[in-house]
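So the chains spell out like this:
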Amino acid sequence: EAQVTQNPRYLITVTGKKLTVTCSQNMNHEYMSWYRQDPGLGLRQIYYSMNVEVTDKGDVPEGYKVSRKEKRNFPLILESPSPNQTSLYFCASSLSSASRGYTFGSGTRLTVV
Amino acid sequence: GENVEQHPSTLSVQEGDSAVIKCTYSDSASNYFPWYKQELGKGPQLIIDIRSNVGEKKDQRIAVTLNKTAKHFSLHITETQPEDSAVYFCAARRNNNDMRFGAGTRLTVKP
């Protein structure tokens, strides 16, 4: 089944403890992106990747890192999480950035205490 | 940059009635307008989209209209059913990556 898989689905962590949220797609998509969803703000882009080894900042990149060493994986790294990074995170992919729509993962709900 | 506003933030309708959600965008260079449906505990899913060279598109009970002059587009759902209850997001894309989302509309369809 074609899908975007995120792990974990839920995560509670403490301030400053490094964490990684994984994202993997099995559709051979070139384009991948991370969003955070907050009430009243919709989906805001954190980072995106046009292809392997090509990443760039979205609208809210502060406090996050990403890597794209292989086409299928696009992990989101929080080196020193803070409470304002408590949010619902979504990974998305598409064949290219100009493709119709994106395929989203099921989300990761992160709480930083 | 592009700014997308979506209204209303919540919408409640009786089963069988129609629902309309409206979005406005700020950048006249935006040329692609998708709509996503997000069910509880799931990621957003593309339900319909429209490009700037088309004024209206329909797919069974859902339709999207675009007014480029006024820079607004709308989602219309007819004969609503309880399974239409979800959060709906509009989006506008200016160039190949610059996709901006609205804040979302929580639609509740009462049986």
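Up top is the structure.
As a starting point, this report considers the structure included with it. (Residues numbered from 1 in each chain as written. Chains lettered and ligands numbered in written order. Predicted model: local features only at pLDDT ≥ 70, side-chain atom pairs only at ≥ 80, totals over all residues. Heavy atoms only, no water.)

### A few points about the overall build of chain A
Rule in force here: Starting at the N terminus, helices and strands are each numbered in turn, a helix being any DSSP run of H or I of at least four residues and a strand any DSSP run of E of at least two. Our radius of gyration looks at C-alpha atoms and nothing else; its globule reference is 2.2 Å times the residue count to the power 0.38. The rule is simple: take the accessible area with a 1.4 Å probe, protein chains only, and divide by the maximum for that residue type; under 20% is buried, over 50% is exposed, in between is partly exposed. Computed with the Shrake-Rupley method and a 1.4 Å probe, the accessible areas treat only the protein chains shown as cover for residues. Only four residue types enter the charge count, namely Lys and Arg as positive and Asp and Glu as negative; His and the chain termini do not. By convention, the charge on Lys lies at NZ, on Arg at CZ, on Asp at CG and on Glu at CD.
Along chain A, the regular secondary structure elements total zero helices and 11 strands. For chain A, the α and β elements follow one another from N to C terminus as β-β-β-β-β-β-β-β-β-β-β. The globule rule puts the C-alpha radius of gyration for 113 residues at 13 Å, and the 13 Å found for chain A is close to it. Viewed in the frame of its principal axes, chain A has a C-alpha envelope of about 35 × 30 × 25 Å. Here chain A holds 113 residues, and 50% of them are scored as buried. Total accessible area on chain A stands at roughly 5400 Å², and carbon and sulfur atoms take up 50% of it. With 13 positive and 9 negative side-chain charges, chain A shows a spacing of 5 Å between the two charge centroids.

### Some thoughts on the sheet that holds strand S3 (residues 19–25) of chain A
Residue and element names in this part refer to chain A. Test applied: By definition, two strands form a pair when at least two bridges between them are found by DSSP.
Here four strands make up an open sheet; going across it, the order is S1-S3-S8-S7 and the pairing antiparallel. At either margin of the open sheet sits one strand with a lone partner, and together these are strand S1 (4–7) and strand S7 (65–66). As paired elements, S1 and S3 share four bridges and run antiparallel to each other. In the strand pairing of S3, Gln 6 is matched with Cys 23.

### What about unusual backbone geometry?
A cis amide bond links A:Asn7 with the next residue in sequence, A:Pro8, at an omega value of 0 degrees. Inspection of the secondary structure puts A:Pro8 in the loop between S1 and strand S2 (10–13). For the bond running from B:His7 to B:Pro8, omega is -5 degrees, close enough to zero to count as cis. Looking at the element boundaries, B:Pro8 is found in the loop between strand S1 (4–7) and strand S2 (10–14). Of note in this structure, B:Gln60 is not a glycine but carries a positive phi near 60 degrees.

### Here's the deal with the sheet that holds S1(B)
Remark on secondary structure: sheet strands pair via backbone hydrogen bonds, oriented parallel or antiparallel. Residue and element names in this part refer to chain B. The condition that has to hold: For every element, the axis is a line fit to its C-alpha atoms; helices are fit only across the contacting stretch, and the angle between N-to-C directions ranges from 0 to 180 degrees.
If you trace the five strands from one edge of the open sheet to the other, you get S1-S3-S8-S7-S6, paired in antiparallel fashion. Of all the strands in the sheet, the pair left with one neighbour each is S1 and strand S6 (56–59). Within the sheet, the average angular offset between the axes of one strand and its neighbour, ignoring direction, is 15 degrees.

### Re the layout of surface pockets
For clarity, the threshold we go by: The definitions used throughout rest on a 1 Å grid laid over the protein atoms alone, on which a cavity is an enclosed set of points accommodating a 1.4 Å probe that cannot get out and a pocket is an open set flanked by protein within 12 Å on both sides along at least five of seven lines; lining residues are those having an atom within 4 Å of a point. Grid points are joined across faces, edges and corners, and a volume is the space filled by probe spheres set on the points. Ten residues, namely Ala, Val, Leu, Ile, Met, Phe, Trp, Tyr, Cys and Pro, are considered nonpolar, four, namely Asp, Glu, Lys and Arg, are considered charged, and the remaining ones, Gly among them, are considered polar.
Roughly 640 Å³ of internal volume is contained in the largest pocket. In terms of lining residues, the largest pocket is bounded by 30 residues, among which A:Gln37, A:Leu88, B:Gln38, B:Val87 and B:Arg106 are the most central. Of all the secondary structure elements, the ones that give two or more residues to the lining of the largest pocket are strand S4 (31–38), strand S9 (87–94) and strand S11 (108–112) of chain A together with strand S9 (86–93) and strand S11 (105–110) of chain B. Looking at the lining of the largest pocket, its residues break down into 10 nonpolar, 14 polar and six charged. Roughly 400 Å³ of volume is contained in the second largest pocket. The wall of the second largest pocket is formed by 20 residues, among which A:Thr103, A:Phe104, A:Gly105, A:Ser106 and B:Gly43 lie closest to the centre. At three residues, S1(A) tops the list of elements feeding residues into the lining of the second largest pocket. When its residues are assigned to classes, the lining of the second largest pocket shows six nonpolar, nine polar and five charged.

### Some points on the interface of chain A and chain B
Note on interface size: it is often stated as the accessible area lost on association of the parts. The condition that has to hold: The contact criterion used is simple: two residues touch if any of their non-hydrogen atoms lie within 4.5 Å. By buried area we mean the combined loss of accessible area, with a 1.4 Å probe, across both parts when two parts are placed together. In the sections that follow, a salt bridge refers to a side-chain nitrogen of Lys or Arg positioned within 4 Å of a carboxyl oxygen of Asp or Glu.
The interface of chain A with chain B comprises 23 residues on the first partner and 20 residues on the second. For the pairing of chain A and chain B, the buried interface totals around 1600 Å² over both sides, and the portion due to carbon and sulfur atoms is 47%. Among the residues of chain A in contact with chain B, A:Leu43, A:Arg100 and A:Tyr102 are the three that bury the most area, contributing 31% of the side total. Where chain A packs against chain B, one counts two salt bridges. Among the salt bridges present, the one from A:Arg100 reaches B:Asp49, with a minimum N-O distance of 2.7 Å. Per-element tally for the side of chain A that touches chain B: the top contributor is strand S5 (residues 42–51) of chain A, with five residues. Tallied by class, residues from the side of chain A that touches chain B come to 11 nonpolar, nine polar and three charged.

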